[in-house]
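Understanding the architecture of this molecule
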Amino acid sequence: MIEYSDMLSDEQLSICQSEKNLLVRACPGSGKTRTITYKLAYRVEKNPNSVRKLIAITYTNRAADEIRQRIEGLGIDTERIWSGTIHQFCLEWILKRYKMYIQSLNQGFRIIDERVKERYLKEIIKQLNLKIYWKDVNTAFNREFHLVEQNEEKKKIIGIYHEILRESFLYTLNRSRD
């Protein structure tokens, strides 16, 4: 059993022992990772028979890896603990588990980063000879899977953008089968 009061400041101990889900924000080097690590360890030790998963969402892969390593270093069973970035969380806990409910995801998907999105949108805007800044094009969908964007010119850009993404995915999919 870990002696948490010996390892943490009063504020960190308060966070660690809280039953609430918390957002921990502070400056670099302030002990965020340490506090989160001990909070996860505390929850596992306090409820050893629980089947609930404990999740730590971080900004970087490095922080997520650090949390996993520190918990293992404390001798805590990591079976119930998941740590990763928001992107990893969405991929593993939402997209992979619920893709069968969305026809377009059924055959697989690929995640692109902001640089690829920027390149595609800039190319489309240039081809259409429009005076629109690429970041002003909202490619998001609402819960009913309708575009959030209402501007017709921008909707046209988004339509072409999604065609490129589909073609790119199919090209990648076909290439991997060769």
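See the structure printed just above.
Since we're looking at a predicted model, the values are computed, not measured.

The rules behind the values
Residues numbered from 1 in each chain as written. Predicted model: local features only at pLDDT ≥ 70, side-chain atom pairs only at ≥ 80, totals over all residues. Heavy atoms only, no water. Helix = DSSP H or I, 4+ residues; strand = E, 2+ residues; numbered from the N terminus. Rg over C-alpha atoms; globule rule 2.2 N^0.38 Å. Areas by Shrake-Rupley, 256 points an atom, 1.4 Å probe, with all protein chains shown as cover. Lys, Arg positive; Asp, Glu negative; His and termini not counted. Charge placed at Lys NZ, Arg CZ, Asp CG, Glu CD. Contact = heavy atoms within 4.5 Å. Buried < 20%, exposed > 50% of the residue type's maximum accessible area, 1.4 Å probe, protein only. Pairing = 2+ DSSP bridges. Right-handed = clockwise from strand over helix to strand, strands pointing away. Patch = residues over 30% accessible without salt bridge, like charges linked within 9 Å, V, L, I, M, F, W, Y side chains within 5 Å. Salt bridge = Lys/Arg side-chain N within 4 Å of Asp/Glu carboxyl O. Core = buried A, V, L, I, M, F, W, Y, C linked by side-chain atoms within 4.5 Å. Axes fitted to C-alpha atoms, helices over the stretch in contact; angles between N-to-C directions. Parallel < 35°, antiparallel > 145°, perpendicular 65-115°, else oblique. Left-handed = near helix turned anticlockwise from the far one by under 90°. Nonpolar A, V, L, I, M, F, W, Y, C, P; charged D, E, K, R; others polar. Disulfide = S-S within 2.5 Å.

Some details on the overall build of the protein chain
Broken down by element type, the protein chain carries seven helices and two strands. Mapped in sequence order, the helices and strands of the protein chain form the string α-α-α-β-α-β-α-α-α. For the protein chain, whose C-alpha radius of gyration is 22 Å, the value lies well above the compact-globule estimate of 16 Å for 178 residues. On the protein chain, roughly 13100 Å² of surface is accessible, and the fraction owed to carbon and sulfur atoms is 50%. For the protein chain, the distance from the average site of its 31 positive side-chain charges to the average site of its 24 negative ones is 3 Å.

Thoughts on the side chain of Lys39
Considering the arrangement of structural elements, one finds Lys39 in helix α3 (residues 32-46). With residues up to four places along the chain from it excluded, the contact list for Lys39 reads Ile15, Cys16, Ser18, Lys20 and Leu22.

A short note on unusual backbone geometry
Even without being a glycine, Asn129 presents a positive backbone phi close to 55°. With respect to the helices, strands and loops of the structure, Asn129 is situated in the loop between α6 (114-127) and α7 (152-177). Exposure remark for Asn129: the relative accessible area of 63% places this residue in the exposed category. If you check the backbone angles, Phe145 has positive phi at about 65° while not being a glycine.

Side note on the pairing of strand β1 (residues 54-58)
What you see with β1 is a clean split: Leu54, Ala56 and Thr58 sit on the buried side and Ile55 and Ile57 on the side with no burial. The pairing of β1 with strand β2 (residues 81-85) spans five bridges and is classified as parallel. If you follow Ile57 over to β2, its bridge partner there is Gly84. Considered for its hand, the β-α-β crossover made up of β1, helix α4 (residues 61-73) and β2 is right-handed.

Quick look at a nonpolar patch on the surface
Together, Ile94, Tyr98, Met100 and Tyr101 make up an exposed nonpolar region whose accessible area comes to about 480 Å². Looking at the element boundaries, Tyr98 is found in helix α5 (residues 86-98). The exposure class assigned to Tyr98 is partly exposed, which follows from its relative accessible area of 46%.

Digging into the nonpolar core
Soluble, globular proteins show a tendency: their nonpolar side chains are buried together. By size, the foremost hydrophobic cluster in this structure holds 16 residues, and its most contacted members are Tyr4, Leu40, Ile76 and Ile81. Mapped by element, the contributors of at least two residues to this core are α2 (10-17), α3, β1 and α4. If one sorts the elements of this core by residue count, α3 sits on top with five residues. Discounting residues that sit within four places of it in the chain, Tyr4 has contacts with Leu13, Cys16, Tyr38, Ala41, Tyr42 and Glu45. Ranked by size, the runner-up nonpolar core spans 12 residues in total, among them Leu130, Val137, Ile157 and Tyr161.

Examining the packing of α3 against α4
At a closest axis distance of 9 Å, the pairing of α3 and α4 adopts a crossing angle of 50°. Relative to α4, the element α3 lies oblique. Of the two possible hands of crossing, α3 and α4 adopt the one that is right-handed. Contacts from Thr33, Arg34, Ile36, Thr37 and Leu40 of α3 reach α4 at Glu66, Ile67, Arg70 and Ile71. Of the residues contributing to the contact of α3 with α4, the split by class is four nonpolar, two polar and three charged.

Examining the state of the cysteines
Disulfides are covalent bonds that connect the sulfur atoms of two cysteines. The tally for this structure, following the rule as stated, stands at zero disulfides. Free of any disulfide, Cys16 has its nearest neighbouring cysteine sulfur in Cys27, separated by 20 Å.

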